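Breakdown of the fold
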Amino acid sequence: MSAFLLRRFGQAVLLLLIVSMVGFAILHLAPGGPMSQFAASGEMSQEDLDRIAGQLGLNRPLPVQYAEWLWRMLSGDWGRSYRDGQPVTAVIGSHVGATLQLMATSTLLAMLIGAWIGILGTIRRYSLFDSLATVGAMIALSIPTFWFGLVVIYVFSVWLGWLPSGNRYTIGDGSLLNQIHHMVGPVMVLALVSTAVWSRYMRSSMLDVVNQDYIRTARAKGLSQRSILIRHALRNALLPMITITGLHVPTLLSGALVTETVFTWPGMGRLFLDSISYRDYPVVMGVLMFSAVLVLIGSLTADLLYGVADPRIARGG
C-alpha cells in the first residue's frame with residue numbers, strides 16, 4: 001500500500017508542476033497583461049510603466065519569472081494581488097468557503113437522488129420510470145449550465161419570487177436560514193448534471209452486480225428482494241462509485257465557475273473570472289493551483305479508498 005501511495009503521490013507532484021508551467025506560460029504570453037490596466041488610463045508615461053513593471057518583476061525573462069514564482073509558492077508566499085495588494089492566500093481564503101459549501105451540498109444532494117434513481121431503475125428495469133429516468137439524464141447532460149441557471153433565476157426569482165436571484169446572503173441578515181435560502185438556486189443548478197451522472201453509473205453498476213453468481217445464490221436461499229439489494233448488491237455496487245466521486249471534482253469545479261458567475265456567488269469561480277478580467281495574475285495562478293490540488297486530492301482519495309476496498313488495486317494487480 002505504501003509503494004502504491006508513493007507512486008500516486010509522485011505522479012500528482014509531476015502533474016502539478018506541468019499544470020503550473022502551462023498555466024504560467026499561457027497567462028504571460030496572452031495579449032494584454034497587468035500593465036495594460038495601467039496603460040489604459042492614459043495618465044502614465046512610459047517611464048512610469050517601466051518602473052511599475054520592474055517593481056512587479058514583469059520585465060525579466062519568462063523562465064526567470066516562473067522560477068521565482070515557483071520558489072515563493074513552495075516557500076508559502078503566493079504573492080500579492082495586483083488589485084488591492086492583499087496576500088493571494090488571504091484572497092483565496094475569503095472565497096474558498098463559499099465554493100466548498102456549494103460543492104459539498106450539491107454533491108451530497110446529487111449522490112442521494114442519483115443513487116435512488118439508479119437503484120429504482122435497476123429494480124424496475126425497462127419500465128416507464130426507467131425510460132423517463134434515462135431520457136431525463138440525457139437531457140440534463142445536454143443542458144448548458146449557464147442557460148439552466150438563467151432559467152432558474154427567471155422562473156423561481158423573477159416570476160414566482162420564491163428564491164433570491166443571487167449572492168450568498170442578504171446584506172444585514174447572515175443567518176443560517178437566509179444562507180440556505182440563497183443556496184437553493186445554485187445548488188439546484190450544480191446538482192443537475194451530477195445527479196444525471198450518478199443515476200446512470202449507479203444503474204449500470206447495480207445491473208452488473210445483480211447478475212453475479214452470489215446474488216443468484218442469495219435468491220436461491222430465499223432471501224427477500226430488499227435484503228438482497230441492500231445487504232449484497234448495493235454494497236458491492238458502490239465500489240466503482242468511489243472512483244467516480246474523485247473524478248467528478250473537475251466537473252464540479254467547472255460547473256461551480258459558471259454557476260457562481262450566474263448567481264453572483266462569492267466563490268472561487270467568480271474570483272477566477274474577475275481576476276482574469278483584471279489581469280490579476282498572482283490570484284489567477286493561486287486559484288488555478290488550488291483547484292488543481294483539490295482535483296488531485298479527490299483523485300488520490302478515490303485511489304486510496306479503492307485500494308483499501310480492493311487490495312488488488314494497491315498491489316498493482
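Everything discussed here concerns the structure shown above.
Residues numbered from 1 in each chain as written. Predicted model: local features only at pLDDT ≥ 70, side-chain atom pairs only at ≥ 80, totals over all residues. Heavy atoms only, no water.

Some details on the environment of I113
- Tracing the sequence through the fold places I113 in helix 5 (residues 88–123).
- Spatially, the C-alpha atom of I113 lies 8.4 Å from that of W198, the residues being 85 residues apart in sequence. (Helix = DSSP H or I, 4+ residues; strand = E, 2+ residues; numbered from the N terminus.)

Some words on the packing of aromatic side chains
- Counted by the stated rule, this structure contains 5 aromatic pairs.
- On the basis of an interplanar angle of 70 degrees and a centroid distance of 5.5 Å, the ring pair of F24 and Y66 is categorised as edge-to-face. Of this pair, F24 sits in helix 1 (residues 2–29) while Y66 sits in helix 4 (residues 62–74), and the two are 42 residues apart along the sequence. Both residues of the pair, F24 and Y66, belong to the buried class.
- Geometrically, the ring pair formed by Y66 and W69 is tilted, given 5.9 Å between the ring centres and 35 degrees between the ring planes. One end of the pair is Y66 and the other is W69, both in helix 4 and 3 residues apart, which spans about a single turn. By the burial criterion, Y66 is buried, and W69 matches it.
- Among the aromatic residues, ring-to-ring pairing joins F24, Y66 and W69 into one connected group.
- If you follow R83 out to its NZ or CZ, it ends over the ring of Y278, 5.0 Å from the centre. (Phe/Tyr/Trp six-rings, centres within 6.5 Å; stacked < 30°, edge-to-face > 60°. Buried < 20%, exposed > 50% of the residue type's maximum accessible area, 1.4 Å probe, protein only. Lys NZ or Arg CZ within 6 Å of the ring centre and 35° of its normal.)

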